[in-house]
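# Results of the structural survey
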Amino acid sequence: MYPAPRSVTAWSSGHISGFFCPIITDDPKTTGSIGAGIAIEQGVTVTITGAPRTTVHSLSNQNGTIHEVWFESSILEDLLHRLEIPIPLAITTECTLPLSSGFGLSAASLLALSYAVRAYCNLPLSDIECAMIAHEIEVSRRTGFGDVAGSMRGGVVYRSAPGIHGGITGDSIRYSETEQITALVLGPLISDSILTSETALLQIKEAFPSRKPGTIEEFFLLSYLFATKSGLMSTEVSRVLDAAKTADVLASMTMLGDGVFALGEKGHAFLCAYASDPKSIFVCDIAHSGPRIIHIEK
């Protein structure tokens, strides 16, 4: 397993779900969701180094403002225990988007950490095995059902099966590689409070679209219909989406977050004009690949 490098840095995309339907079984491997979402470059970078004790340090640089949060325990430490890592590690996560806002950052953190630990400890794990461990931890914690699968290969993907393989073998949704997504964050929304509610899950299943989109424009249209029927929208999100529809802007709710995401230059202009605070606006590029190692220091 060793000697280990001095540090390893890995990256994983964030993920914005447009619509989803939970599939819950007795096995975390087959528990997940079907649905569609967009992998975004603005994800999570994880750096690990050797340390006297295991620590997790989270950094968030949001529009020039640095936020720091220390965790004594987290889902990232769950992953270390699952992999039976026998040495303590210092883990630093960095992102440019706010947590609990519908960007799939817990999934991105788990994915990036699984890749970083594999490289640091020279573990005999495949990409699929790294992703499966991240997925199992996320669904067990109810922090998400499909974001790990959605971040596995990049692009805009329709997942017709739950679990990791649904993301890998899912249908690609056509989009321009230069297309940008703009998000307006109105506040946090704690996923596990929704994903553990039987009433909420039933309404989500009833709102799920009966067809799959072929283009990113169809994706936004179906996502908007899902958002309006799902019962998940706050009053403010509903107000913004009503105005977007009137302005003929393709937009929907960030799932699961108290916010709105919109397509292209027209969507960007609309959300910028609508936002009361410019720091609540985030511009996201579509990611074209899955997680990767970006630096190893020997």
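Everything below is about the structure printed above this text.
Once a new chain begins, its residue numbering starts again from 1 and follows that chain's sequence as written. pLDDT decides what is reported in this predicted model: residues at 70 or higher carry local features, side-chain atom pairs at 80 or more are listed and counted, and totals for whole chains, interfaces and linings draw on all residues regardless. With hydrogens and water excluded, all non-hydrogen atoms of the structure serve as input to the side-chain values.

Our focus in this paragraph is the overall build of the protein chain. Counting secondary structure elements, the protein chain contains 10 helices and 12 strands. Summarising its shape, the C-alpha atoms of the protein chain cover approximately 60 × 45 × 35 Å along the three principal directions. Within the protein chain, the fraction of its 298 residues that count as buried is 55%. Considering only contacts within the protein chain whose residues lie at least 6 apart along the sequence, 75% involve residues at least 24 apart. All accessibility values rest on the Shrake-Rupley procedure with a 1.4 Å probe; residue burial counts only the protein chains present in the view. Only carbon and sulfur atoms are counted for the fraction: they give 52% of the accessible area of the protein chain, which is about 12,700 Å². Counted as positive: Lys and Arg. Counted as negative: Asp and Glu, with His and the chain ends omitted from the count. For the purpose of locating charges, the reference atoms are NZ of Lys, CZ of Arg, CG of Asp and CD of Glu. Between the mean site of the 20 positive side-chain charges and the mean site of the 30 negative ones, the protein chain shows a separation of 3 Å. We count a stretch as a helix when DSSP gives it H or I for four or more residues in a row; a strand needs E for two or more, and each element gets its number in order from the N terminus. Relative accessibility thresholds used throughout: buried, under 20% of the residue-type maximum; exposed, over 50%; partly exposed, between the two (1.4 Å probe, protein chains only). Pairs of residues are marked as contacts when any of their non-hydrogen atoms sit within 4.5 Å.

Interhelical geometry of helix α2 (residues 105-121) versus helix α3 (residues 127-141) gives an angle of 140° and a closest axis separation of 9 Å. Here α3 runs oblique to α2, going by the angle between their axes. Judged by the sense of rotation from one axis to the other, the crossing of α2 with α3 is right-handed. In contact with Ser-106, Ala-107, Leu-110, Leu-111, Ser-114, Tyr-115 and Arg-118 of α2, α3 contributes Asp-127, Cys-130, Ala-131, Ala-134, Ile-137 and Glu-138. Considering only residue class, the contact of α2 with α3 consists of 8 nonpolar, 2 polar and 3 charged. To get an axis, fit a line to the C-alpha atoms, keeping to the stretch in contact for a helix; angles then go from 0 to 180 degrees between the N-to-C directions. Just so you know how the angles are binned, under 35 degrees is roughly parallel, over 145 roughly antiparallel, 65 to 115 roughly perpendicular, and the rest oblique. Definitions for this section: a left-handed crossing has its near helix turned counterclockwise from the far helix by less than a right angle. A right-handed crossing has that turn clockwise. Gly is put with the polar residues, along with every residue not named as nonpolar or charged; the nonpolar set is Ala, Val, Leu, Ile, Met, Phe, Trp, Tyr, Cys and Pro, and the charged set is Asp, Glu, Lys and Arg.

Relative to the helices and strands, Glu-179 is located in the loop between β7 (171-172) and β8 (180-187). Sequence-distant contacts of Glu-179, defined by excluding residues within four places in its chain, comprise Leu-263, Gly-264 and Ile-286.

All right, on to the sheet that holds strand β11 (residues 281-285) then. Any two strands are treated as partners once DSSP identifies two or more bridges connecting them. With antiparallel pairing, 4 strands are arranged side by side in an open sheet as β9-β10-β8-β11. Strand pairing shows two members of the sheet lacking a second neighbour, β9 (251-253) and β11, which therefore form its edges. Sheet twist, expressed as the mean angle between neighbouring strand axes with direction ignored, is 25°. Bridge count for β8 against strand β10 (residues 258-263) is 6 bridges, and the pairing is antiparallel. If you follow Ile-181 over to β10, its bridge partner there is Leu-263. Packed onto the sheet, helix α8 (residues 216-230) meets β8, β9 and β10 and runs at close to 45° relative to β9. In the packing of helix α10 (residues 264-274) onto the sheet, contacts are made with β8, β10 and β11, and the angle to β10 comes to roughly 145°.

Pairing of aromatic rings covers Phe, Tyr and Trp, the last through its six-membered ring, and needs centres within 6.5 Å; plane angles under 30 degrees mean stacked, over 60 mean edge-to-face, and all others mean tilted. Going through the model one piece at a time under the given rule, you end up with 9 aromatic pairs. Consider the rings of Phe-19 and Phe-219, whose centres lie 6.3 Å apart with planes at 35°: the pair is tilted. Here Phe-219 lies in helix α8 and Phe-19 lies in strand β1 (residues 7-23), a separation of 200 residues in the sequence. Owing to a relative accessible area of 0%, Phe-219 belongs among the buried residues under this scheme. Between the NZ or CZ atom of Arg-292 and the centre of the ring of Trp-11, over which it lies, the distance is 4.2 Å. Sitting over a ring, as applied to charges here, requires NZ of Lys or CZ of Arg to be within 6 Å of the ring centre and within 35 degrees of the ring normal.

Here we take up the layout of surface pockets. Method remark: on a 1 Å grid restricted to protein atoms, a set of points is classed as a cavity if a 1.4 Å probe fits but cannot get out and as a pocket if it is open with protein on both sides within 12 Å along at least five of seven lines; lining residues have an atom within 4 Å of a point. Grid points are joined across faces, edges and corners, and a volume is the space filled by probe spheres set on the points. Quantified by volume, the second largest pocket comes out at close to 160 Å³. Forming the walls of the second largest pocket are Phe-220, Leu-221, Tyr-224, Leu-241, Ala-244, Lys-245, Asp-248, Val-249, Leu-250 and Ala-251. Elements supplying a minimum of two residues to the lining of the second largest pocket: α8 and α9 (235-246). Tallied by class, residues from the lining of the second largest pocket come to 8 nonpolar, no polar and 2 charged.

So, about the pattern of salt bridges. Here, a salt bridge means any side-chain nitrogen of Lys or Arg that lies within 4 Å of a carboxyl oxygen of Asp or Glu. Taken as a whole and judged by the stated rule, the model has 8 salt bridges. Here Glu-236 makes a salt bridge to Arg-239, at a shortest N to O gap of 2.7 Å. Taken together, the residues Glu-236 and Arg-239, both in helix α9 and 3 residues apart, mark about one turn of the helix. Accessibility expressed as a relative area gives 45% for Arg-239, which makes it partly exposed. Here the salt bridges share partners, and the residues they tie into one network are Lys-29, Arg-82 and Glu-136.

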